[in-house]
Amino acid sequence: MVTRLNNNSISSITALPSAVAVDNEPSFLASKTGGTNQSISNDTEVLLTYPNVIYDTDSVFSTSNNRFTPNVAGKYYVYTNLRFNTATDFELCELRVQKNGTTVLEKTWRNEYFDGKYIGGAVDMNGSSDYIEVKIYQSSGSSQDVTGYKFITFFGAYRIIT
């Protein structure tokens, strides 16, 4: 129920017209789970996996291919966060959000002592065949683990109301 004040009188609306969007759906949030780390090979781009779906309003995230495929066209705020599970410093890390296999958001950094990284931004999606996935690249000289804790390594998106 929405209450409004007009000319010193109060009126109520019990339902909004069907054309009015009231939320940012579809949306989802997925994460790592149970502290299970994911090993990232040196000098290799790797698809990050998210086996734990925290919420998914319209079944738009698949744990089988780790892709977000929205069923409504529009602009989406897409975000991800991760941390390598190491105190070792190394020179090059690249976190990539890819749409249909092409990088649309990227964060490049030098890893330092358990340094977490977040990236997010708006991406246009067609609501049918477009998909988003998250990939990571590191060149430390050896394999490194992405931490498996759900509050540190996650991936989500929601439709931006325009």
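Residues numbered from 1 in each chain as written. Predicted model: local features only at pLDDT ≥ 70, side-chain atom pairs only at ≥ 80, totals over all residues. Heavy atoms only, no water.

Draft legend 1. Region of interest: the pairing of strand β9 (residues 74-83). Across the ten residues of β9, seven count as buried, placing the element largely inside the fold. Direction of pairing for β9 relative to strand β12 (residues 116-125): antiparallel, over a ladder of ten bridges. Bridge pairing links Asn81 to Tyr118 in β12. (Buried < 20%, exposed > 50% of the residue type's maximum accessible area, 1.4 Å probe, protein only. Helix = DSSP H or I, 4+ residues; strand = E, 2+ residues; numbered from the N terminus. Pairing = 2+ DSSP bridges.)

Draft legend 2. Geometry of the pattern of salt bridges. Tallying each qualifying case throughout the model produces nine salt bridges. Among the salt bridges present, the one from Lys135 reaches Glu45, with a minimum N-O distance of 3.9 Å. Placement of Lys135 in strand β13 (residues 132-138) and of Glu45 in the loop between β4 (38-40) and β5 (46-47) is noted, with a sequence separation of 90 residues between them. Judged by its relative accessible area of 35%, Glu45 falls in the partly exposed class. Put simply, Glu94 and Arg96 hold a salt bridge, and the shortest N to O gap is 1.9 Å. Residues Glu94 and Arg96 agree in their burial class; the two are buried. Three or more residues are tied together by salt bridges with common partners; here these are Glu45, Arg67, Glu94, Arg96, Glu106, Glu133 and Lys135. (Salt bridge = Lys/Arg side-chain N within 4 Å of Asp/Glu carboxyl O.)

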